[in-house]
Amino acid sequence: IGPRKAYLVHADRAGRVWIGYWDGGLAVYDHGKVSTYGVEQGLPRASVNAIFEDRTGSLWVGTDRDLGRVEGARVRTFTGNGFPASVVTSMLQDEAGDYWVGLGASLLRVDPHEFDLAASDPRHQLRYRLYDAEDGLPGTLGRPGIPNAARASDGTLLFVTSVGLVAVDPRRLHDRPAPALI
């Protein structure tokens, strides 16, 4: 796989080993064969900070600039579809199937079908909900390249922040009402 500086590693359900690099790029060791993903395959030239496999087996890659989904020999990224251009530190999927993406000082919640719509229509703008300090999220989320999020057996999502551990129960969250216009 070479002398590059590996930043994180993930073994998927198919027995492949994915390696994210500090200086950008992704490699996969698949039963004796190595393939790489870089700018030519659609991955931004940025540090790979998070690798996540969802319940369907799709592999997601969080970088310093974007979130991407591995689609065969390419990586499909989503900033062109309104995904915030931000450092992605973590990703989880809740019991209902929604994705939760750690973005520095905010946490993004998005229905997985939004990404499918964006993949099929380049003009589709993702609809999502951002949670931040105004919603009670303290500090910044995790450190890139270090596992810093997990889903507990009761469905609670746990995120490491700069000020400690935060527990999110997606079933109990309610959107803040919009302020009254005067």
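Predicted, not measured: the structure shown is a model, and the values here were computed from it.

### Considering the packing of aromatic side chains
Then, in step 1: In this structure the tally under the stated criterion is eight aromatic pairs.
Then, in step 2: Summarising the aromatic geometry, the rings of Trp-60 and Tyr-99 are spaced 5.1 Å apart at their centres and angled 55 degrees between planes, so their arrangement reads as tilted. Of this pair, Trp-60 sits in strand β6 (residues 59–63) while Tyr-99 sits in strand β10 (residues 99–103), and the two are 39 residues apart along the sequence. We note that Trp-60, like Tyr-99, is buried.

### Re helix α1 (residues 112–120)
Then, in step 1: Among all positions of α1, only Pro-112, Glu-114, Phe-115 and Ala-118 are buried. In a view along the axis of α1, the buried residues occupy a sector of 155 degrees, so they form one face of it. More than 90 degrees from the buried face of α1, the exposed residues found are His-113 and Ser-120.
Then, in step 2: The inward-facing, buried residues of α1 contact β6, β7 (67–71), β8 (74–77), β10 and β11 (106–110).
Then, in step 3: Sitting at the amino-terminal end of α1 is Asp-111, which places a side-chain oxygen 2.7 Å from the backbone nitrogen of His-113.

### What to know about the nonpolar core
Then, in step 1: With 15 residues, the main nonpolar core has Trp-60, Leu-67, Phe-83, Val-101 and Phe-115 as its most contacted residues.
Then, in step 2: Residue assignment for this core shows that the elements contributing at least two residues are β10, β11 and α1.
Then, in step 3: The dominant element in this core, judged by the number of residues it contributes, is β10, at three residues.
Then, in step 4: Setting aside chain neighbours within four positions, we find Phe-115 in contact with Trp-60, Leu-67, Arg-69, Phe-78, Phe-83, Tyr-99, Val-110 and Leu-126.
Then, in step 5: Residues Trp-18, Tyr-37, Leu-43 and Val-70 belong to the second largest nonpolar core, which totals twelve residues.

### Some words on the pairing of β10
Then, in step 1: Judged by how many residues are buried, β10 sits mostly within the fold: five of five residues are covered.
Then, in step 2: Here β10 shows a buried face lined by Tyr-99, Val-101 and Leu-103 and a second buried face lined by Trp-100 and Gly-102.
Then, in step 3: Across four bridges, the pairing between strand β9 (residues 90–93) and β10 is antiparallel. Residue pairing across strands places Met-91 opposite Val-101, the latter belonging to β10.
Then, in step 4: Remark: five residues form the turn of the hairpin made by β9 and β10, two consecutive strands paired antiparallel; Gly-97 in that turn has positive phi of roughly 105 degrees.
Then, in step 5: Note that β10 and β11 share five bridges and pair antiparallel. Paired with Tyr-99 across the bridge in β11 is Val-110.

### Quick word on the sheet that holds β6
Note on sheets: strands pair through backbone hydrogen bonds, and any given pair is parallel or antiparallel.
Then, in step 1: Sheet architecture is open: four strands sit in the order β5-β6-β7-β8, paired in antiparallel fashion. Pairing within the sheet leaves two strands with one partner each, and these edge strands are β5 (48–53) and β8. Pairs of neighbouring strands in the sheet enclose a mean axial angle of 30 degrees, with direction left out of account.
Then, in step 2: Relative to β8, β7 runs antiparallel, the two being bridged by four bridges. When the bridges of β8 are listed, Gly-68 appears paired with Thr-77.

### Section: the confidence of the model for the protein
Then, in step 1: Chain-level pLDDT for the protein is 91 on average; 93% of the residues reach the 70-or-more range.
Then, in step 2: Across residues 177–182, where pLDDT falls below 50, the model places zero contacts with residues more than four positions away in sequence or in other chains.

Here is what the cut-offs are and how they apply
Residues numbered from 1 in each chain as written. Predicted model: local features only at pLDDT ≥ 70, side-chain atom pairs only at ≥ 80, totals over all residues. Heavy atoms only, no water. Phe/Tyr/Trp six-rings, centres within 6.5 Å; stacked < 30°, edge-to-face > 60°. Helix = DSSP H or I, 4+ residues; strand = E, 2+ residues; numbered from the N terminus. Buried < 20%, exposed > 50% of the residue type's maximum accessible area, 1.4 Å probe, protein only. Arc of directions from axis to C-beta. Contact = heavy atoms within 4.5 Å. Polar contact = N/O pair within 3.5 Å; in protein donor to acceptor, adjacent residues only side chain to side chain. Core = buried A, V, L, I, M, F, W, Y, C linked by side-chain atoms within 4.5 Å. Pairing = 2+ DSSP bridges. Axes fitted to C-alpha atoms, helices over the stretch in contact; angles between N-to-C directions. pLDDT = per-residue confidence, 0-100.

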